[in-house]
Amino acid sequence: MSERTARLAAGSGTRAPAHALFRRLALINGTVFTVGTLVLAVSPATVSSPVLLTELPVLIVGLALILAANTLLVRRSLAPLGALTALMQRVDLLRSRDRLAERGNGDLTHLIATFNAMLDRLETERDTSSADALAAQEGERRRIARELHDEIGQSLTAALLSLKRAVDRAPADLAEELHAVQETVRSSLDEVRQVARRLRPDVLEDLGLASALSALVTEFTQVSGIPVKRVADVELPVLSSDVELVLFRITQESLTNVARHAHATHVELAVHATPEAVTLRVTDDGRGGVLHEGAGIRGMRERALLIGADLTITTPNGGGTDVRLVVPTVTQQRRNP
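Analysis parameters
- Residues numbered from 1 in each chain as written.
- Predicted model: local features only at pLDDT ≥ 70, side-chain atom pairs only at ≥ 80, totals over all residues.
- Heavy atoms only, no water.
- Helix = DSSP H or I, 4+ residues; strand = E, 2+ residues; numbered from the N terminus.
- Buried < 20%, exposed > 50% of the residue type's maximum accessible area, 1.4 Å probe, protein only.
- Contact = heavy atoms within 4.5 Å.
- Pairing = 2+ DSSP bridges.
- Axes fitted to C-alpha atoms, helices over the stretch in contact; angles between N-to-C directions.
- pLDDT = per-residue confidence, 0-100.
- Expected span 1.5 Å × (residues − 1).
- Bend = angle between axes of the 7 residues up to and from the residue.
- Salt bridge = Lys/Arg side-chain N within 4 Å of Asp/Glu carboxyl O.
- Arc of directions from axis to C-beta.

Asker: For this particular structure, what's the right way to read the overall build of the protein?
Answerer: Assigned secondary structure in the protein consists of 11 helices and 5 strands. When burial is assessed residue by residue, the protein has 33% of its 337 residues classed as buried. A fraction of 69% describes how many contacts in the protein between residues 6 or more apart in sequence connect residues 24 or more apart.

What follows is the structure, encoded as C-alpha cells:
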C-alpha cells in the first residue's frame, strides 16, 4: 500500500468532500456578509424608510463590494477544482504521471489526495497487467519461433535434402526443374529462419545488446534496402535482461515503422550512456508525423513504462521521425542491486 493510500485509509472517517465543500462555501458567504453588515452598522451611512435617492448609491456600492469580495473568495477557494478538471482531461496512463499538489487546498485536500491515489492505483494495475501481457506475448513468440525452427525448419531441411538427392539422380531435362524447386525451398527455409530470429532474439540472449542491434540493423538493411548509420558508445553499463529486451523490441518496432510508413532513405540508430541514463534514438529522414498511434506504438509505450523509461516520438523541423527512449540509470541500480 502506498503512503498516499495509507493516509487516505487512515483518514477515511473524515467528512465527505461534498460536505467539506458545503462548509467551505457557507463559511465564505457567512464571513463576507457578516463583515459587510458590521461595516454598514459602524459606518455613518443611514438608510431611511422609504429609501431616499441620495442613499441608493451607498447601498449599491456596499452591495457591489460584498458581491465582489464573495466572488473573489469563492473563485480562489474553488481554483483547485479547475486544476483537477484540467488534469482529468489531459491524463493518459501511457504518457503522463501528473499529480496535483495536495497541500494548500484546505478542505479540498482530501478530494485531490483521493484522485491522486486513484491514479497511483490505476498505474499500478496498468503496470501489472502490461507486464503479464508482454510476458505472455514474449512466451508465445518463443513458442512460435521454436516450432518454426524445430518443426517447419526441419521439415524444409529434410525436403531440401530429398530434392538434392532427386536432382543428382534425375535426367538433365528434369534436373533443371527440380533445381528451381530446390532453390524455392531453400528460400522458404531462409525466410522461416528470419521470422524465427525476429520472434526470438537468440543473439540478444547469447551475445548481448550490441550484437543483437547489429544483427537487427543488418537484416533491416538487407530486407528494406535502407542504409542505417550506427552511433554507439564503446561501453554501455550493465543492463538487466528486461531492459535489454525493451531496448531491442523498441528498436525493432521503430525500424519496422520506418520500413512500412516513413518512405525514408536514411536511418540513424544511436545508443549513448551517461551517469544518469542510457538513451536510445532511432531517427529517419522520411515524411514524419504520427497520425494515429496504433498497437505498435502503444506497445512501445507500455514496454517503456515497465522499466521506468521515458519514450518520446517527435517530428523535427527538418522532417522525419525521432524516436527517443531514455532509461534512467538510477532505475537500473534499483533493479540490479
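Anyway, onward from the coordinates.
Asker: In this structure, what is going on with the sheet that holds strand S5 (residues 321–328)? I would like to understand it.
Answerer: Two strands in a sheet stick together by hydrogen bonds in their backbones, pointing the same way (parallel) or opposite ways (antiparallel). An order of S1-S2-S3-S5-S4 is seen for the 5 strands of this open sheet, with the pairing classed as mixed. Since the sheet does not close on itself, it has two edges, and those belong to strand S1 (228–232) and strand S4 (310–314), each with one partner. Within this sheet the neighbouring strands show an average axis-to-axis angle of 10°, counted without direction. Where strand S2 (residues 267–273) lies against strand S3 (residues 277–284), 7 bridges are found, and the strand directions are antiparallel. Across the sheet, the residue bridging to alanine 270 is arginine 281, located in S3. Most of the contacts of helix H9 (residues 241–262) go to S3, to which it runs at about 10°, and overall it touches S2, S3 and S5.

Asker: Before we go on, may I ask you to explain the confidence of the model for the protein in this structure?
Answerer: Close inspection of predicted coordinates is inappropriate in any region flagged by low pLDDT. Looking at the protein, the pLDDT average stands at 78 and 84% of residues meet or exceed 70. The model gives residues 333–337 a pLDDT under 50, and that stretch makes 4 contacts with residues more than four places away or in other chains.

Asker: What is the right way to look at the environment of leucine 209 in this model?
Answerer: Its place among the elements puts leucine 209 in helix H8 (residues 209–224). A residue is classified by how much of its surface remains accessible, and leucine 209, at 6% relative accessible area, is buried.

Asker: How should I be thinking about unusual backbone geometry in this particular structure?
Answerer: What you tend to see is this: most non-glycine residues have negative phi, and most peptide bonds are trans. The phi dihedral of histidine 263 is positive, around 55°, even though this residue is not glycine. With respect to the helices, strands and loops of the structure, histidine 263 is situated in the loop between H9 and S2. For histidine 263, a relative accessible area of 60% puts it in the exposed group.

Asker: Before we go on, may I ask you to explain helix H5 (residues 109–169) in this structure?
Answerer: Every α-helix carries 3.6 residues per turn, so stepping three or four residues along brings you back to the same face. The first and last C-alpha atoms of H5 sit 87 Å apart over 61 residues, in line with the 90 Å expected at 1.5 Å per residue. If you look at H5, its biggest bend is around 30°, right at glycine 153.

Asker: Would you mind going over the pattern of salt bridges with me for this structure?
Answerer: Two side chains of opposite charge can pair, provided their charged atoms sit close to one another. Counting across every chain of the model gives 6 salt bridges. Of the charged contacts, one joins arginine 281 and aspartate 322 as a salt bridge, the two residues approaching to 2.5 Å between their closest N and O atoms. With arginine 281 in strand S3 and aspartate 322 in strand S5, the pair connects residues that are 41 residues apart, well separated along the chain. Judged by relative accessible area, arginine 281 falls into the partly exposed class, the value being 28%. The exposure class of aspartate 322 is buried, given its relative accessible area of 7%.

Asker: Looking at this structure, how should I read the environment of lysine 164?
Answerer: Residue position: lysine 164 is located in helix H5. Residue lysine 164 is classed as partly exposed on the basis of its relative accessible area of 45%. Taking the C-alpha atoms as reference points, lysine 164 and histidine 179, separated by 15 residues in sequence, lie 7.9 Å from one another.

Asker: Honestly, helix H4 (residues 79–90) in this entry has me stumped. Any pointers?
Answerer: Here H4 is 12 residues long and its end C-alpha atoms lie 17 Å apart, about the 16 Å a rise of 1.5 Å per residue gives. Where H4 is concerned, the buried positions are Pro80, Leu84 and Leu87. Buried positions in H4, seen along its axis, are confined to an arc of 60° and lie on one side of it. Turning to H4, the residues buried within the fold contact helix H3 (56–77) and H5.

Asker: Quick question: what am I supposed to make of the pairing of S2 here?
Answerer: Looking down a regular strand, the side chains alternate between one sheet face and the other. Pairing geometry for S1 and S2, over 5 bridges, is parallel. By the bridge assignment for S2, valine 231 is matched with alanine 270. Counted along the chain from S2 to the antiparallel partner S3, the turn is 3 residues long.

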